[in-house]
Amino acid sequence: MRSMALELDKSLAEFFDFLGHQIGLANVWMALSADHGVAPLPDFAKTLRLPAANLDAKALREQINSLLSKKYAKKADYVIDLDYPLAWLDKDAFTGTAAGKDESIAEADTGEAMKQAGLTGYFTKSQLARGDVPPPKPAAATPTATRPKRILRHRHPPPFQVGITHGTDHATPFSYDTHVPLAFYGLAFQPGTYRTTPNPSISP
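All values reported here derive from a predicted model rather than from experimental measurement. (Residues numbered from 1 in each chain as written. Predicted model: local features only at pLDDT ≥ 70, side-chain atom pairs only at ≥ 80, totals over all residues. Heavy atoms only, no water.)

A. Highlighting the packing of aromatic side chains. On inspection of all chains with the given rule, the structure shows eight aromatic pairs. When the centroid spacing of 5.9 Å and the interplanar angle of 80° are considered together, the rings of Y72 and F94 count as edge-to-face. Of this pair, Y72 sits in helix 3 (residues 57-72) while F94 sits in the loop between strand 4 (86-90) and helix 4 (103-116), and the two are 22 residues apart along the sequence. Just as Y72 is buried, F94 falls in that class too. Connected via pairs of aromatic rings, a cluster forms that spans W29, F184 and F189. (Phe/Tyr/Trp six-rings, centres within 6.5 Å; stacked < 30°, edge-to-face > 60°. Helix = DSSP H or I, 4+ residues; strand = E, 2+ residues; numbered from the N terminus. Buried < 20%, exposed > 50% of the residue type's maximum accessible area, 1.4 Å probe, protein only.)

B. Seen up close, the pairing of strand 4. With four of five residues buried, strand 4 lies mostly within the body of the structure. Relative to strand 4, strand 3 (residues 79-83) runs antiparallel, the two being bridged by four bridges. Its bridge partner lying in strand 4, D81 is registered against W88. (Pairing = 2+ DSSP bridges.)

What follows is the structure, given as structure tokens:
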């Protein structure tokens, strides 16, 4: 990541130098930002006494399926895949249970099992389809689609815990993922550092 940042800095410097020679930087406005942040590496975060961890998606899926098997008194793989921050449910597995005829119940029951397994929250396909997401809407709460026999849903672990066994990741609604720098350059902008939340209703 450090090498990538340095290479990007070098590329931008060359581009700005080109603009300066071609049309003059006094005639240029620039805006730089990012599409998302990233969680700190759990091994590093632990040195700061943060409750960080790498999660094992397979073990988590088995735990959630065990909880649902107890709830429905029927052993099955209700969650067939976890790909942080998404989970896919097998609709056939719910056949014969209280949630077998109502996807929204199956989604909610699975979400509660996820919370019992340690995840901090969830958004179901049904919730997202209704726009039923409490403000401020997390960056991860985007419209979703379905596949045959599967229900696509969102989840996120507690802060500083990432859904992979090695390295780090993003896509949670926490500040380290949702807060990104937004830098402007040009004569039209007042120099300074602003730490307020931008108001999207105000045009620049």
